[in-house]
Amino acid sequence: MPLNSSDDNRTISVFSSKLTPAADICVGLAILFVVLLSVLGNGLVLVICYRRRKKMVGSELLCINLAVVDFLCCICFYPLSILSSFHHVWLGENITCVYYGLGCYIFGLCGMFTITAISIIRYMKTCYSLANTVWLKGANIRLMCCVIWLVSVVWSSFPLFGWGEYVPEPYGLSCTIAWRGYHTSAKDAFYVICSFAGFTLVPVLLIVMSQGRILYKVSRFSYSLSARGISNNLRHAEKRISMMFFCISLGFVIAWAPYAVVSFLFIFHKEPRYMAPEGFVLPALFAKSSHIYNPFIYFYFNKTFQRELRCLLLSSYHKLGGNRVGVHISTGHQAPHPIHIQLQERGCVQKKNFGLPPDRTHSRNKPKSKASHTSSSRVPVRQVFACWGSTSKNTPAVMDNQPAKDYQPVSI
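What you are looking at is a predicted structure, and each value in this text was computed from that prediction instead of being measured.

Give a detailed account of the overall build of the protein chain, specifying residues and quantitative values.
Looking only at helices and strands, the protein chain features 13 helices and seven strands. The buried share of the protein chain, taken over its 412 residues, is 39%. The long-range fraction of contacts in the protein chain, counting pairs at least 24 apart against all pairs at least 6 apart in sequence, stands at 71%. With the model as given, the accessible surface of the protein chain reaches about 23800 Å², and the carbon-plus-sulfur share is 66%.

Have a look at this one:
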């Protein structure tokens with residue numbers, strides 16, 4: 001039975017790219033760049049948070065939730081958009097379109113709600129310090145994260161039951177809510193208006209108002225202390241934390257604002273094309289950049305993250321054998337007692353502790369004397385001290401049950 005040509009042409013026009021092949025490749029490379037940076041940055045944030053999980057406070061769970069949102073979104077959904085860009089057509093058509101649109105909308109709402117929760121909690125902590133003991137407990141923050149995910153999943157699932165629809169973007173290489181459904185039915189119109197009003201406009205207003213009040217409160221507090229000639233380290237720390245969360249909130253709003261405006265304007269146009277496809281691509285790519293900059297903001301403003309990152313990189317470098325020194329003395333006729341020294345530094349080096357774990361030394365040649373034969377029949381253990389470019393008089397090489405005269409100083 002022949003295929004319906006009109007339906008086939010409609011399918012091809014909906015799921016095929018409206019951009020040039022060169023533009024498709026550029027879009028795919030741009031999304032790939034976003035994915036790589038986001039996975040690297042947010043992966044480091046998650047690893048550091050896991051390393052210091054016993055020292056974390058309740059409010060930091062929201063930052064972890066935001067990192068999880070950015071990390072999983074780039075891992076689970078954006079590779080499909082990258083492959084579609086390289087093939088110049090949306091792969092999988094309707095099934096993958098619903099999967100991509102549903103997942104990205106869930107994670108987008110989670111990110112928006114998490115930023116809103118961070119702003120409100122920071123506002124309460126800064127302006128109403130008495131509420132800290134109640135609202136900043138770990139149990140309340142975990143409950144808040146669960147509520148955020150639950151609301152996002154429930155609201156994003158309505159298009160699966162007829163309230164709204166997930167359709168390809170106007171340029172054909174991504175999927176989102178059918179914003180033009182405002183003109184098709186009352187249910188779709190209700191869903192679109194509620195999505196913009198309740199899940200975009202209200203959170204943005206709460207973020208802007210909370211961050212504005214925080215900056216005003218911190219600036220007044222700093223001015224009052226400066227006027228009295230008081231230099232307080234707590235004041236500087238509070239300013240850094242406030243600026244960190246302000247940059248996170250402002251960056252998220254700025255990244256998603258162009259896409260929200262273009263989608264909002266798309267609601268009131270019945271024509272399928274009122275703007276060039278490039279007019280939708282650039283705001284969509286700019287919105288995806290919101291997954292990148294949060295880790296850099298953490299590492300720039302938070303000194304704890306900086307210390308943990310340095311410690312993590314050093315420990316990883318040492319585990320890979322990057323700082324390993326071996327010293328071998330030949331056992332010809334020059335030394336009657338051969339020595340094998342191997343220094344291996346692991347973990348983070350402390351400022352005042354240069355001692356390394358004990359190592360085992362093994363004799364390679366058969367000793368000639370009976371005394372040396374008796375001493376070499378067992379595996380001796382000695383304490384090895386770090387040598388930083390020169391030999392110190394206080395750097396002995398001591399073996400168990402061996403006289404000091406049997407050893408010679410070694411320079412490294």
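How would you summarise the nonpolar core if you had to cite specific residues and measurements?
If you look at the biggest cluster of nonpolar residues, it comprises 75 residues, and the most contacted ones within it are Tyr 78, Tyr 100, Trp 179, Ile 248 and Tyr 298. The dominant element in this core, judged by the number of residues it contributes, is helix 5 (residues 93-127), at 15 residues. Leaving out residues up to four positions away in the same chain, Tyr 298 has contacts with Val 45, Cys 63, Leu 66, Met 244, Ile 248 and Phe 305.

Pulling in residues and values, what's your account of the side chain of Ser 156?
Summarising the element assignment, Ser 156 is placed in helix 7 (residues 138-157). In this structure Ser 156 touches Leu 102, Tyr 105, Ile 106, Leu 109, Tyr 166 and Tyr 191, once residues within four positions along its chain are discounted.

So, the state of the cysteines: which residues are in play, and what are the values?
Inspection of every chain in the model, using the stated rule, returns one disulfide. The structure places no disulfide on Cys 74, whose sulfur is separated from the nearest cysteine sulfur, that of Cys 73, by 5.8 Å. The exposure class of Cys 74 is buried, given its relative accessible area of 0%. You can see Cys 146 has no disulfide; the closest cysteine sulfur is in Cys 145, sitting 6.9 Å from it. You can call Cys 146 exposed: its relative accessible area is 54%.

Which residues make up unusual backbone geometry, and what values go with them?
Here His 88, not a glycine, exhibits a phi torsion of approximately 65°, which is positive. Residue placement: His 88 occurs in the loop between helix 4 (78-87) and helix 5. For Glu 93, which is not glycine, the phi dihedral falls at a positive 55°. Locating Glu 93 in the fold gives a position in helix 5. The partly exposed category is assigned to Glu 93, whose relative accessible area is 40%.

Tell me about the pattern of salt bridges, residues and numbers included.
Tallied over the full model, the rule gives two salt bridges. For Glu 60, the salt bridge is made with Arg 52, and the minimal N-O distance between the two is 3.4 Å. As far as the burial class goes, Glu 60 and Arg 52 line up, both buried.

I'd like a description of a nonpolar patch on the surface, backed by residues and values.
A cluster of nonpolar residues, Tyr 182, Ile 193, Val 261, Phe 264, Leu 265 and Phe 268, forms a patch on the protein surface that exposes about 520 Å² of accessible area. A per-element tally of the nonpolar patch places helix 9 (residues 233-267) first, with three residues. Within the secondary structure, Leu 265 sits in helix 9.

Give me the lowdown on a positive patch on the surface, citing residues and values where you can.
On the surface, Arg 240, Lys 303, Arg 307 and Arg 310 cluster together into a positively charged patch. Per-element tally for the positive patch: the top contributor is helix 12 (residues 303-319), with three residues. When its relative accessible area of 49% is taken as the criterion, Arg 307 is described as partly exposed.

Tell me about helix 5, and name the residues and values.
For helix 5, built from 35 residues, the straight-helix expectation of 51 Å at 1.5 Å per residue is met to within 8% by its first-to-last C-alpha distance of 50 Å. Of all 35 residues in helix 5, 26 are buried; the element is thus mostly enclosed.

Describe in detail the side chain of Ser 85, supporting the description with residues and values.
With respect to the helices and strands, the residue Ser 85 is situated in helix 4. For Ser 85, a relative accessible area of 0% translates into the label buried. Leaving out residues up to four positions away in the same chain, Ser 85 has contacts with Asp 24, Ile 25, Val 27, Gly 28 and Leu 173.

Tell me what's going on with the packing of aromatic side chains, and back it up with residues and numbers.
All chains considered together, the criterion is met by 18 aromatic pairs. Site record: aromatic cluster; members linked through ring pairs are Phe 113, Trp 155, Phe 158, Trp 163, Phe 190, Tyr 191 and Phe 199. Positioned above the aromatic ring of Tyr 50 is the side chain of Arg 53, whose terminal nitrogen or guanidinium carbon lies 4.1 Å from the ring centre.

Requested: an account of the environment of Tyr 191, with residues and values cited.
Note that Tyr 191 resides in helix 8 (residues 186-227). Owing to a relative accessible area of 0%, Tyr 191 belongs among the buried residues under this scheme. Counting along the chain gives 32 residues from Tyr 191 to Pro 159, while the straight-line C-alpha distance between them is 8.6 Å. Not counting the four nearest positions on each side in its chain, Tyr 191 is found in contact with Tyr 105, Trp 155, Ser 156, Phe 158, Pro 159, Trp 163, Gly 164 and Ile 177.

Residue-level account of the packing of helix 11 (residues 293-301) against helix 12, with values.
Angle between the axes and distance between the axes are the two parameters that describe a pair of packed helices. Here helix 11 crosses helix 12 at 100°, and the two axes come no closer than 5 Å. By the criterion of interaxial angle, the relationship of helix 11 to helix 12 is roughly perpendicular. Contact residues: Tyr 298, Phe 299, Tyr 300 and Phe 301 in helix 11; Lys 303, Phe 305, Gln 306 and Leu 309 in helix 12. Residues of the contact of helix 11 with helix 12, tallied by class, amount to six nonpolar, one polar and one charged.

Let's hear about the environment of Asn 302: which residues, and what values?
Inspection of the secondary structure assignment puts Asn 302 in the loop between helix 11 and helix 12. Along the sequence, Asn 302 and Met 244 sit 58 residues apart, while their C-alpha atoms lie 7.9 Å from each other. When sequence neighbours within four positions are dropped, the list of residues in contact with Asn 302 reads Met 244 and Ile 297.

The rules behind each value
- Residues numbered from 1 in each chain as written.
- Predicted model: local features only at pLDDT ≥ 70, side-chain atom pairs only at ≥ 80, totals over all residues.
- Heavy atoms only, no water.
- Helix = DSSP H or I, 4+ residues; strand = E, 2+ residues; numbered from the N terminus.
- Buried < 20%, exposed > 50% of the residue type's maximum accessible area, 1.4 Å probe, protein only.
- Contact = heavy atoms within 4.5 Å.
- Areas by Shrake-Rupley, 256 points an atom, 1.4 Å probe, with all protein chains shown as cover.
- Core = buried A, V, L, I, M, F, W, Y, C linked by side-chain atoms within 4.5 Å.
- Disulfide = S-S within 2.5 Å.
- Salt bridge = Lys/Arg side-chain N within 4 Å of Asp/Glu carboxyl O.
- Patch = residues over 30% accessible without salt bridge, like charges linked within 9 Å, V, L, I, M, F, W, Y side chains within 5 Å.
- Lys, Arg positive; Asp, Glu negative; His and termini not counted.
- Charge placed at Lys NZ, Arg CZ, Asp CG, Glu CD.
- Expected span 1.5 Å × (residues − 1).
- Phe/Tyr/Trp six-rings, centres within 6.5 Å; stacked < 30°, edge-to-face > 60°.
- Lys NZ or Arg CZ within 6 Å of the ring centre and 35° of its normal.
- Axes fitted to C-alpha atoms, helices over the stretch in contact; angles between N-to-C directions.
- Parallel < 35°, antiparallel > 145°, perpendicular 65-115°, else oblique.
- Nonpolar A, V, L, I, M, F, W, Y, C, P; charged D, E, K, R; others polar.

It is worth stressing that arrangement in space is one thing and function is another; only the former is reported here.
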